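Letter by letter, the chains look like this.
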Amino acid sequence: MARIRTVKPSLFTHEVLWQAEQDTGLPLRVAFIGLFTASDREGRFKWRPRELKLAVLPYDDVDFSRVLDGLQVHGLVAKYEVDGEFFGYIPTWAKHQAINQRESQSTLPDPHGGARACTLPEMQLHSPVNIPSAIRATVLARDENRCSRCAAKSDLTIDHIFPQSIGGTHLPTNLRILCRSCNSARPVQGKGLIDDLAKDGLTMDDMQRMCMHVTAHVEGKRKGSGKEVEGEATRKRAPTFDAASIDLPEWLNPDLWKTWVADRAQRRKPITENAAKQQIADLTEWHGKGLDIHRAIKDAINGGWQGLFEPKTKANGANGHTPPADLTEQWMALRGCIRDGRQPADPILAAVALKFGGIHRLGERTTFDLDRMRRDFDSAYNSAKSANA
Ligand SMILES: [Zn+2]
């Protein structure tokens, strides 16, 4: 039976809850408030995801067991088991709810009276065991089932951005999808790791920031109350940085840079201040070598990549083993179609795609395969063009 409950204004500034929603991409704030109305006077409820979903998020296309897992991972609800039946309770309940004395007594078992605590996802945050399946599913969905670095859609693995060996957690903020080759290319320690993190605009300081709300929560637990989550995790967030507004070198096309910044923002991977500095430094170095730095940006946009990579073409297009520059636009257009899984509008490109097995088959290839295919693209394109003429 649903009940009228109170909501304190502080709930809307509850940073852990906000962070939990960011981490999981699930409507945890509304779900959490909804759970108040589904809980009895002791803040207990039956852990029945389907029933709870109908009561709390009837129109949302979400798996409520993932919602509960997300709340549990962040310490907002706790799960327990009595005689094979699962229940949940809200640890901060007594602090936030004033219960009408006429409300009937709880008929659900006491979580502290001989119940078995089900701390599964939470206990696994720091342990070198498998990533909980709910978190794995969350990360896969958030990263759209593709490698965060090269956009490959096959041979995917879950990568710990900050490796477990240095204390990285299984929290979704520390996880992302990488293909096996991008994952195994990452150094796990030392300067190599620091340089690699810089590609994503991260420093070792960010690890502490990223893990702080977990640490605060776990320490709250250690102190024995479990109620100290709120207010402890006062993470300082840097003021919003806009990579589009930085000073650019005069050789860099400002419109293209803005397109790149907007593209990253649209993919919900906005360029951080550190990343912007690093990218401008890289571009400066490549520009100094006479490389086509605009190509590097265009390739990153078209490939859906998170970072910029050293372009293989010279700024003047001259390079022995690279294909003629005049077909690069067409190649990038095809890559865009492969990335988005749509048919090329250009009949010649459509014919080329077909020759390579079709857009969907191409979408299953790794970036490495596609890069190798680039060598065959020009001749395929030219023959398709002459057949079309
Ligand atoms: Zn990759």
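Below, the structure is looked at part by part.

About the cut-offs
Residues numbered from 1 in each chain as written. Predicted model: local features only at pLDDT ≥ 70, side-chain atom pairs only at ≥ 80, totals over all residues. Pairing = 2+ DSSP bridges. Helix = DSSP H or I, 4+ residues; strand = E, 2+ residues; numbered from the N terminus. Contact = placed C-beta atoms within 7 Å. Core = buried A, V, L, I, M, F, W, Y, C linked by C-beta atoms within 7 Å. Buried ≥ 20, exposed ≤ 12 C-beta atoms within 10 Å, placed from the backbone.

Strand order in the open sheet formed by four strands is E1-E3-E2-E4, with antiparallel pairing between adjacent strands. Both edges of this open sheet fall to strand E1 (44-46) and strand E4 (116-117), since each of them pairs with a single strand only. Taken together, the five bridges between strand E2 (residues 78-82) and strand E3 (residues 85-89) define a ladder with antiparallel strand orientation. Along E3, the bridge assignment pairs Glu-81 with Phe-86.

The subject of this paragraph is unusual backbone geometry. Most peptide bonds take the trans form, and the phi angle of most residues other than glycine is negative. At Asp-83, a residue that is not glycine, the phi angle is positive and equals roughly 50 degrees. Non-glycine residue Asn-145 carries a positive phi angle of around 55 degrees.

Along the chain, Leu-178 falls in strand E6 (residues 175-179). Along the chain, Leu-178 and Ser-154 lie 24 residues apart, while their C-alpha atoms are 9.5 Å from each other. Here Leu-178 is in contact with Cys-147, Ser-148, Arg-149, Thr-157, Asp-159 and Asn-183, once residues within four sequence places are set aside.

Take the nonpolar core next. By size, the foremost hydrophobic cluster in this structure holds 24 residues, and its most contacted members are Leu-28, Ala-31, Phe-32, Leu-35, Val-67, Leu-71 and Val-77. For this core, the elements supplying multiple residues, two or more each, are helix H1 (15-24), helix H2 (28-38), helix H3 (49-56), helix H4 (64-73), E2 and E3. If one sorts the elements of this core by residue count, H2 sits on top with five residues. Excluding residues within four positions of it along the chain, Val-77 makes contact with Leu-35, Leu-68, Leu-71, Gln-72, Gly-88, Tyr-89 and Ile-90.

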